[in-house]
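# Coordinates in review
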Amino acid sequence: EKMNKFEELLERFNGLLNRFEGNSGSATTTSASGGGQATTSETAKSTVAKPTRLHKAVKGFDSVINEKMAEFLTLAEKHSNKKILEASQVIKEMFDLIRNIIQAVTMSKGTKAEVMGELVTPYSKSLDKKLGKFLRDPDIKNHVKALIDSLQLIQLPLMHDPHDMGKEFLAQIDFFGNKVLMMRVEQETKWYNAFKTGLCTTFFDYIVDAYENGLPFSREGSDFKDIFQNLQSGGSPAPVEEEKKEEVKKAKPSKKSGAKEDKPKPKREPKKVKIGKVWDISYYENETFEYKEGELDMTESLVVSVCNNSNVITHGKIKSVILNNCTNCAVVVDTIVSSIECMN
């Protein structure tokens with residue numbers, strides 16, 4: 001009789017426990033029918049990570065690139081030379097890398113360009129190596145060289161103002177790309193136009209607009225290195241809230257009488273840094289730099305920006321030189337493979 005009462009109390013206890021845990025959603029308890037014994041089964045919680053809220057810059061990238069990439073790869077698949085498809089798939093990897101860079105930038109706090117460049121360079125070199133093996137095929141040599149030149153686009157998401165450099169990079173792609181067009185073969189023309197105009201030019205237009213106010217860092221972001229490497233390894237970064245307030249464009253003061261003039265901009269810190277295959281020398285005064293034979297090669301470019309009374313001397317072959325908004329500066333070179341350009 002005492003045992004029956006005990007079992008009755010136990011069943012009542014289990015019933016109350018069921019109701020309690022049912023309300024809390026943590027566990028369920030069931031009684032075995034007829035045996036008088038109670039068994040408890042724990043219902044595992046499914047931990048579903050909150051979806052990462054993508055910054056508008058990343059969403060913009062997806063909206064303009066995904067469709068163009070699909071068209072490009074479709075034409076590559078139809079190409080009579082199957083190596084074109086393999087080489088084109090490396091370009092898909094390049095744009096995946098670019099997307100990860102942009103996403104890492106939008107989720108991280110301010111980071112120096114040279115620091116980000118050091119992290120990105122090994123991936124850029126890996127893509128360069130993959131494309132390089134296709135140069136052995138003489139039928140697609142110009143195709144591949146145009147693709148290799150496009151790898152410079154990887155640097156644009158690391159720049160506060162990618163406009164001038166982007167224009168130069170696009171022009172360099174055309175150096176070998178025009179040779180593809182001169183073949184006057186329909187499949188070559190369609191493939192190259194889908195690559196240059198469809199992908200590269202579209203990306204350039206996008207990045208200039210997305211970076212209108214500079215690199216879109218997050219004030220509450222984390223470390224760029226951790227986020228970028230996590231993205232490259234296929235992991236999902238921790239969710240971050242989108243900026244609640246849109247960046248407000250600073251209205252330019254009217255030039256009408258009575259309007260206050262802009263204060264002079266503070267001097268920028270001089271820098272000499274290599275990002276990918278571009279040497280960037282900026283904001284120097286009264287300096288002279290000399291690159292000895294072997295320090296630069298014919299695949300690398302030199303960009304001298306906003307310098308005053310400074311000189312750069314190079315020995316050997318280099319790909320191209322850009323002088324951007326410089327005063328009383330000189331660049332002395334032995335051999336130029338592509339071009340020399342001056343901008344203001």
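A short tour of the structure in this document, coming up. (Residues numbered from 1 in each chain as written. Predicted model: local features only at pLDDT ≥ 70, side-chain atom pairs only at ≥ 80, totals over all residues. Heavy atoms only, no water.)

### Examining the overall build of the protein
- Helix and strand counts for the protein come out as eight helices and 10 strands.
- Per-residue burial for the protein yields a buried fraction of 38% across its 344 residues.
- Long-range contacts, defined as pairs at least 24 residues apart, comprise 55% of the intrachain contacts of the protein with a sequence gap of at least 6.
- For the protein, the accessible surface area stands at approximately 20,900 Å², while carbon and sulfur atoms represent 51% of it. (Helix = DSSP H or I, 4+ residues; strand = E, 2+ residues; numbered from the N terminus. Buried < 20%, exposed > 50% of the residue type's maximum accessible area, 1.4 Å probe, protein only. Contact = heavy atoms within 4.5 Å. Areas by Shrake-Rupley, 256 points an atom, 1.4 Å probe, with all protein chains shown as cover.)

### Brief notes about the layout of surface pockets
- There is about 620 Å³ of room inside the second largest pocket.
- Ile148, Asp149, Lys277, Thr299 and Lys319 are, among the 30 residues lining the second largest pocket, the residues nearest its centre.
- Mapped by element, the contributors of at least two residues to the lining of the second largest pocket are helix 4 (113–132), helix 5 (141–150), helix 6 (163–181), strand 3 (271–275) and strand 10 (335–343).
- Per-element tally for the lining of the second largest pocket: the top contributor is helix 4, with seven residues. (1 Å grid on protein atoms, 1.4 Å probe; cavity = no way out; pocket = protein on both sides within 12 Å on 5 of 7 lines; lining within 4 Å. Points joined across faces, edges and corners; volume = space filled by probe spheres on them.)

### Here we look at the packing of aromatic side chains
- Under the counting rule described, the total for this entry stands at 13 aromatic pairs.
- Judged by centre distance (6.1 Å) and plane angle (35°), the ring pair of phenylalanine 203 and tyrosine 206 falls under tilted. Residue phenylalanine 203 and its partner tyrosine 206 are located together in helix 7 (residues 186–210), separated by three residues, close to a single helical turn. As far as burial versus exposure is concerned, phenylalanine 203 and tyrosine 206 are alike and both buried. (Phe/Tyr/Trp six-rings, centres within 6.5 Å; stacked < 30°, edge-to-face > 60°.)

### Examining the sheet that holds strand 8 (residues 317–324)
- Read from one edge of the open sheet, five strands run 3-4-6-8-10, paired in mixed fashion. What marks the edges here is a single partner per strand, and that holds for strand 3 and strand 10. Adjacent strand axes in the sheet meet at a mean angle of 15° when their direction is disregarded.
- Relative to strand 4 (residues 278–282), strand 3 runs antiparallel, the two sharing five bridges. Among the inter-strand pairings, lysine 274 is bridged to a residue of strand 4, identified as tryptophan 279. (Pairing = 2+ DSSP bridges. Axes fitted to C-alpha atoms, helices over the stretch in contact; angles between N-to-C directions.)

### Description of the sheet that holds strand 9 (residues 330–332)
- Within the open sheet, the three strands sit side by side as 5-7-9. Their pairing is parallel. Of all strands in the sheet, those with a lone pairing partner are strand 5 (288–291) and strand 9, marking the two edges. Going across the sheet, the axis of each strand differs from the next one's by a mean of 10°, ignoring polarity.
- Bridge analysis of strand 5 against strand 7 (residues 311–314) gives four bridges, and the strand direction is parallel. In the strand pairing of strand 7, glutamate 290 is matched with isoleucine 313.

### Structural notes on the pattern of salt bridges
- In this structure the tally under the stated criterion is nine salt bridges.
- Notably, a salt bridge pairs lysine 92 with aspartate 96, separated by 3.0 Å at the nearest N-O pair. Taken together, the residues span about one helical turn, with lysine 92 and aspartate 96 both in helix 3 (residues 82–106) at a distance of four residues.
- Exposure remark for lysine 92: the relative accessible area of 31% places this residue in the partly exposed category.
- On the accessibility criterion, aspartate 96 (34% relative accessible area) is partly exposed.
- Two residues, lysine 130 and glutamate 93, come together in a salt bridge whose shortest N-O distance is 2.7 Å. Here glutamate 93 lies in helix 3 and lysine 130 lies in helix 4, a separation of 37 residues in the sequence. (Salt bridge = Lys/Arg side-chain N within 4 Å of Asp/Glu carboxyl O.)

### Overview of the environment of aspartate 297
- Along the chain, aspartate 297 turns up in the loop between strand 5 and strand 6 (301–305).
- Judged by its relative accessible area of 34%, aspartate 297 is partly exposed.
- In the structure, aspartate 297 is positioned 22 residues away from lysine 319 in sequence and 7.5 Å away in space, judged by C-alpha atoms.
- Not counting the four nearest positions on each side in its chain, aspartate 297 is found in contact with Lys317, Ile318 and Lys319.
- Engagement of the side chain of aspartate 297 in a polar contact is seen with the side chain of threonine 299, the distance being 2.5 Å. (Polar contact = N/O pair within 3.5 Å; in protein donor to acceptor, adjacent residues only side chain to side chain.)

The values reported here are purely geometric and, on their own, carry no functional implication.
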